[in-house]
Amino acid sequence: MPGLMLLDTPSLYYRAFYGIPESMTSPEGMPVNAVRGVIDMIAMLVRRHSPHELVACMDADWRPAFRVAAIPTYKTHRVAEDGAEETPDTLAPQVPVIEQVLDAVGIARIGVPGYEADDVMGTLTARASCQVDVVTGDRDLFQLVDDSRPVRVLYTARGVKNLQLVDEATIAEKYGIPGRSYADFATLRGDPSDGLPGVPGVGDKTAAALITRFGSLEALLRAVDGDGDLTSGQRARLSAARDYLRVAPEVVWVARDVPLPETDLTLPTRPRDPDALAALSERYGLGGPLERLTTAL
């Protein structure tokens, strides 16, 4: 049944940027590889999945204060000298163009100050009363998977043409954990790409075994304090990491209560502003991708 499709837009434009040569330029010579790639990705997703609602979720804040307060190392390796996110020089100018295209087409675009795109997706998922497909290349969003609703991830690691459908069975098979336990598993093992240290000495296998045995991070911590079935080494490592484990969920779990603006999420059947779209097409040389998108709509 057609439902709600959520786009992890930053994930998509980074994939497009690195997957398409920068020699793809506008008539004025500006690289538009990310712009063209995102347009074609959306056209393909619409054509193959026919969602009733579609939202391009944005990072209004790529490093929210509440996450940095919990774990100061959060994404520190991505901070540029000016404090902003370190973004390739030829990608940064393309992001506003992507946003202008989305607005001219009429595709809902939501970013909320103080929150990441992940949090927007988490909140929209929590509010949804239909099937939700989350399109992302970020494994962190596996935490949203829930067969009972259903919520699934369309994982782009192999490209949008070869999406991997991730449901609870996929997570259980790949990580050896219950299908809805990815966030607790990720908290234990850590994630260097986000500056999350994890519990020293606890890797994938140990994290999976602990979460499977105890069912949740909360239950595991109760076992550490009580007489749970833990080796002396496991108990010592978990006890030493208690301060981290106390605050890490604030960073790892996506928010589900973001104050979202009132927005019509319905996928348009024709461009909202054809004149603006035509001007963008001419200026940036987007004729082919935009024709494919409007045809898909």
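The structure contained in this document is the topic of the report that follows. (Residues numbered from 1 in each chain as written. Predicted model: local features only at pLDDT ≥ 70, side-chain atom pairs only at ≥ 80, totals over all residues. Heavy atoms only, no water.)

1. What to know about the packing of aromatic side chains
Between two aromatic rings, the relevant description is the distance of the centres plus the angle of the planes.
Point 1. Considering all chains together, one arrives at 10 aromatic pairs under this definition.
Point 2. Between the aromatic rings of Tyr175 and Tyr182, the centroid separation amounts to 5.3 Å while the plane-to-plane angle is 65°, which identifies the pairing as edge-to-face. Tyr182 shares its class with Tyr175; the two are buried.
Point 3. Looking at Lys174, its charged tip hangs above the ring of Tyr175, at a distance of 5.6 Å from the centre. (Phe/Tyr/Trp six-rings, centres within 6.5 Å; stacked < 30°, edge-to-face > 60°. Buried < 20%, exposed > 50% of the residue type's maximum accessible area, 1.4 Å probe, protein only. Lys NZ or Arg CZ within 6 Å of the ring centre and 35° of its normal.)

2. Points about the packing of helix α1 (residues 9-19) against helix α2 (residues 33-49)
Point 1. Axis separation between α1 and α2 bottoms out at 8 Å; the angle between their running directions is 120°. In this view, α1 runs oblique relative to α2, as classed from their interaxial angle. In this structure, α1 crosses over α2, and the sense of that crossing is right-handed. On α2, the residues that touch Leu12, Tyr13, Arg15, Ala16 and Phe17 of α1 are Asn33, Ala34, Gly37, Val38 and Met41. (Axes fitted to C-alpha atoms, helices over the stretch in contact; angles between N-to-C directions. Helix = DSSP H or I, 4+ residues; strand = E, 2+ residues; numbered from the N terminus. Parallel < 35°, antiparallel > 145°, perpendicular 65-115°, else oblique. Left-handed = near helix turned anticlockwise from the far one by under 90°. Contact = heavy atoms within 4.5 Å.)

3. A closer look at unusual backbone geometry
Point 1. Arg149 connects to Pro150 through a cis peptide bond whose omega is -5°.
Point 2. Within the fold, Pro150 resides in the loop between β4 (132-136) and β5 (151-155).
Point 3. Residues other than glycine seldom take positive phi values, yet Ser50 does so here, at roughly 45°.
Point 4. In this structure, Ser50 sits in the loop between α2 and β2 (53-57).

4. What to know about the sheet that holds strand β6 (residues 164-166)
Point 1. Here 6 strands make up an open sheet; going across it, the order is β3-β2-β1-β4-β5-β6 and the pairing mixed. Both edges of this open sheet fall to β3 (108-110) and β6, since each of them pairs with a single strand only. In this sheet, neighbouring strand axes are inclined to one another by 25° on average, regardless of whether the strands run parallel or antiparallel.
Point 2. Looking at chain direction, β2 and β3 are connected through 3 bridges and run parallel. Opposite Val55, over in β3, you have Ala108 as the bridge partner.
Point 3. Contacting β1 (4-8), β2, β3, β4 and β5, helix α5 (residues 117-127) runs over the sheet at an angle of about 170° to β1. (Pairing = 2+ DSSP bridges.)

5. With respect to the pattern of salt bridges
Point 1. Summed over all chains, the structure comprises 13 salt bridges.
Point 2. Where Arg67 meets Glu116, a salt bridge forms, and the shortest distance between an N and an O atom there is 3.0 Å. Separated by 49 residues along the polypeptide, Arg67 in helix α3 (residues 65-70) and Glu116 in the loop between β3 and α5 bring together distant segments of the chain.
Point 3. Its relative accessible area of 2% is what places Arg67 among the buried residues.
Point 4. The class for Glu116 is buried, based on a relative accessible area of 4%.
Point 5. Here Asp225 and Arg242 are joined by a salt bridge, their closest N and O atoms 2.6 Å apart. With Asp225 in helix α9 (residues 217-225) and Arg242 in helix α11 (residues 242-252), the pair connects residues that are 17 residues apart, well separated along the chain.
Point 6. According to the relative accessible area criterion, Asp225 is exposed, its value standing at 58%.
Point 7. Overall, Arg242 belongs to the partly exposed group, its relative accessible area being 28%.
Point 8. Connected through shared salt-bridge partners, Arg67, Lys75, Glu116 and Asp119 make up one network. (Salt bridge = Lys/Arg side-chain N within 4 Å of Asp/Glu carboxyl O.)

6. Here's the deal with helix α8 (residues 204-214)
Point 1. Among the residues of α8, those classed as buried are Ala207, Ala208, Leu210, Ile211 and Phe214. All buried residues of α8 fall inside an arc of 165° around its axis, so they share one side.
Point 2. The secondary structure elements touched by the buried residues of α8 are α6 (168-175), α7 (182-189), α9 and α10 (232-240).
Point 3. Positive backbone phi, approximately 90°, marks Gly215, located one or two places after α8. (Arc of directions from axis to C-beta.)

7. Looking at the nonpolar core
Point 1. If you look at the biggest cluster of nonpolar residues, it comprises 63 residues, and the most contacted ones within it are Leu6, Val55, Val134, Leu188, Leu238 and Leu245.
Point 2. Contacts of Leu238, omitting those with residues within four sequence positions, involve Leu188, Val199, Leu210, Leu220, Val224, Leu230 and Leu245.
Point 3. Membership of the second largest hydrophobic core comes to 39 residues, among which are Val32, Val35, Ile39 and Leu102. (Core = buried A, V, L, I, M, F, W, Y, C linked by side-chain atoms within 4.5 Å.)

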